[in-house]
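# Fold and contact review
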Number of protein chains: 2
Amino acid sequence: MSLLVVGSVALDTIDTPLGHAEDALGGSAVYVAVAGSYFASPVRMVGVVGGDFPAEGIEFLRGRSIDLEGLEIIRDGKTFRWGGRYHTDLNVRDTLYTQLNVFENFDPKIPPSYRHSEYVCLGNIDPVLQQKVLQQVEAPKLVVCDTMNFWIERKYKELLRTLRLTHVLIVNDEEARAIARESNLIKAARDILNMGPRAVVVKKGEHGALLVTKTIVFYTPAYPLQEVYDPTGAGDAFAGGFVGYLAKTDDRSDENLKRAVVYGSVLASFCVEEFSIGGLKALTEGQVTKRVNEFRDLSHFDGS
Amino acid sequence: MSLLVVGSVALDTIDTPLGHAEDALGGSAVYVAVAGSYFASPVRMVGVVGGDFPAEGIEFLRGRSIDLEGLEIIRDGKTFRWGGRYHTDLNVRDTLYTQLNVFENFDPKIPPSYRHSEYVCLGNIDPVLQQKVLQQVEAPKLVVCDTMNFWIERKYKELLRTLRLTHVLIVNDEEARAIARESNLIKAARDILNMGPRAVVVKKGEHGALLVTKTIVFYTPAYPLQEVYDPTGAGDAFAGGFVGYLAKTDDRSDENLKRAVVYGSVLASFCVEEFSIGGLKALTEGQVTKRVNEFRDLSHFDGS
């Protein structure tokens, strides 16, 4: 099935205790699309970059068979740039700079050839823009949506409107608590189910991920890595693996949502093993399947 | 198999957002012994209380078939008292007071009838005292040990000596990192395996627990409770369920250690559902088995 991905395309400069990357390919749409490209087909991307966006970036995305008709290039503008530094505790990072550039006035235009996309993944852009995207897509089978504290604080009403159009909300634990205004995470997730989505996926970083629907609660741990090189994009790689797997299998049952959470976790685990999108550049089906099985073993125990 | 439990016996005064308990039965030895009493037999306890320790406390422990020959009662002394207040985020608590009283000079004496105990669980007392206990026990099959930051900071060398006599170390994530002086939790656990223990169990509170041996890594989530009444003692209830299950089954294989982690998680989940030891007062085998199965479902997914 087809997957439409809308979000930021960026050039990231990243410092972690294990190294440095400069103007590396990044942004939520890139991570989601690249991770999703291992499963869904075609993958269609909507985003905006400036004339400074490197040709190798375009080539790489094309090489992953990602349709870039919806990638707007503003020749006389500059690409969105983000700089961040991670602490020894990789859960803590300082944003060194955010240069929105052409992303500041991002106005997603969905090309006619994208309008029948069956699976849609909306990055954490303004909820008004998320709705605008959905108005341009015809009856998608599944809408997966992300958001962030910035919008929860500033555009709560608009976010609630987006949630009513969303099937699966993917957020981190802090965002889930903020949306529901509830500190207990399970209650918060169930409260969000009453706002529209039929499933909530809560990303908990090194503590794994949680899936809550009306009838199930499902946990998957994070992959036990000894070295995390760069946590940037892990959440978006998760979303891409998740929605990509659903698009590939075209099965939106609770049981398959569980498997999708595992595939999301697998893609996130590969993502953090290298800088930028390095860990997602050339995965084989065998590597992915092996890691899915490792995830199964991680929390499997035989009967008492 | 027999289980020997050594640690604090206390009267706790606890404030949580959902209520208040005054001079309630507490202390690590109490939680471990009570949780362990659902599996191991006999359970033997070594601790110290003052003349003010309530008769109902003694009766309750006897009612759980816990052997109290090793519970020293200092008639003219006062029992260890702790007061704490939990925030809305139950991961944060303020200690309001700590009155060590008779526990300050705790000098564990193992009665002769306890010396052949097969399973031993040492609470987070001074590592010198932990060693003293082990000198009084004859070749136990399994020594499970807890510790805390206070000892890691002040008696690191003595703690290392205790670790060489320990089969399973149970600590929280912060303690594991501090012992190994390593921020990556998986690496920290593996480093600790080189200090003596053949298994490390890391308790991560609401994020579940992690078991690491030379050959496996195993995760279990925390039970998804909508209301946590009182987190006090959850870690000790975990240890009691864990070591109690091992004593009952007398199987120290990696596969059985996994199951023991699940039983520990189950007892911890019952513990936090009521104040003090209320949640551990009268569990049935059916309740425990049902929750073990719920834990299995929580992270089980069918093949892709």
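In this text, all values refer to a predicted model and were calculated from it rather than measured experimentally.

## A closer look at the overall build of chain A
- Helices and strands together make up the secondary structure of chain A, namely 10 helices and 13 strands.
- Relative to the 2.2 N^0.38 estimate, which gives 19 Å for 304 residues, the radius of gyration of chain A is 18 Å and therefore close to what a compact globule would have.
- With the C-alpha coordinates aligned to their principal axes, the bounding extent of chain A is approximately 65 × 40 × 35 Å.
- Classification of the 304 residues of chain A by burial places 61% in the buried group.
- Relative to all contacts within chain A whose residues are 6 or more apart in sequence, the contacts with residues 24 or more apart total 64%.
- Surface exposure of chain A reaches about 11800 Å², of which carbon and sulfur atoms provide 48%.
- Treating the 33 positive side-chain charges of chain A as one cloud and the 40 negative ones as another, the clouds have centres 6 Å apart.

## Some thoughts on the sheet that holds strand S2 (residues 10–16) of chain A
Residues and elements named next belong to chain A.
- What the four strands build is an open sheet, ordered S3-S2-S6-S7; its pairing is mixed. The open sheet has two edge strands with one neighbour each: strand S3 (19–26) and strand S7 (93–99). Here the average twist between neighbouring strands, direction ignored, is 15°.
- For S2 and strand S6 (residues 80–86), the ladder comprises six bridges, and the chain directions are parallel.

## Let's talk about the packing of aromatic side chains
Residue and element names in this part refer to chain B.
- Applying the stated criterion across every chain yields a total of 18 aromatic pairs over all chains.
- When the centroid spacing of 5.5 Å and the interplanar angle of 90° are considered together, the rings of Phe-39 and Tyr-263 count as edge-to-face. Of the two residues, Phe-39 sits in the loop between helix H1 (28–36) and strand S4 (43–50) while Tyr-263 sits in helix H9 (residues 254–271), which places them 224 residues apart along the sequence. Just as Phe-39 is buried, Tyr-263 falls in that class too.

## Section: empty space enclosed by the protein
- For the structure shown, the criterion picks out two cavities of 30 Å³ or more.
- Within this model, the largest cavity holds a volume of roughly 110 Å³.
- Every residue lining the largest cavity is counted, 15 residues in all, and those nearest its centre are A:His207, A:Thr220, A:Pro221, B:His207 and B:Pro221.
- For the lining of the largest cavity, the secondary structure elements donating two or more residues are strand S13 (217–220) of chain A together with strand S13 (217–220) of chain B.
- Broken down by class, the residue content of the lining of the largest cavity amounts to five nonpolar, seven polar and three charged.
- Approximately 70 Å³ is the volume found for the second largest cavity.

## Quick word on the confidence of the model for chain A
- Residues with a pLDDT of 70 or more make up 100% of chain A, whose mean pLDDT is 96.
- Across the predicted assembly, pTM comes out at 0.94 and ipTM at 0.89.

What counts as what
- Residues numbered from 1 in each chain as written.
- Chains lettered and ligands numbered in written order.
- Predicted model: local features only at pLDDT ≥ 70, side-chain atom pairs only at ≥ 80, totals over all residues.
- Heavy atoms only, no water.
- Helix = DSSP H or I, 4+ residues; strand = E, 2+ residues; numbered from the N terminus.
- Rg over C-alpha atoms; globule rule 2.2 N^0.38 Å.
- Buried < 20%, exposed > 50% of the residue type's maximum accessible area, 1.4 Å probe, protein only.
- Contact = heavy atoms within 4.5 Å.
- Areas by Shrake-Rupley, 256 points an atom, 1.4 Å probe, with all protein chains shown as cover.
- Lys, Arg positive; Asp, Glu negative; His and termini not counted.
- Charge placed at Lys NZ, Arg CZ, Asp CG, Glu CD.
- Pairing = 2+ DSSP bridges.
- Axes fitted to C-alpha atoms, helices over the stretch in contact; angles between N-to-C directions.
- Phe/Tyr/Trp six-rings, centres within 6.5 Å; stacked < 30°, edge-to-face > 60°.
- 1 Å grid on protein atoms, 1.4 Å probe; cavity = no way out; pocket = protein on both sides within 12 Å on 5 of 7 lines; lining within 4 Å.
- Points joined across faces, edges and corners; volume = space filled by probe spheres on them.
- Nonpolar A, V, L, I, M, F, W, Y, C, P; charged D, E, K, R; others polar.
- pLDDT = per-residue confidence, 0-100.

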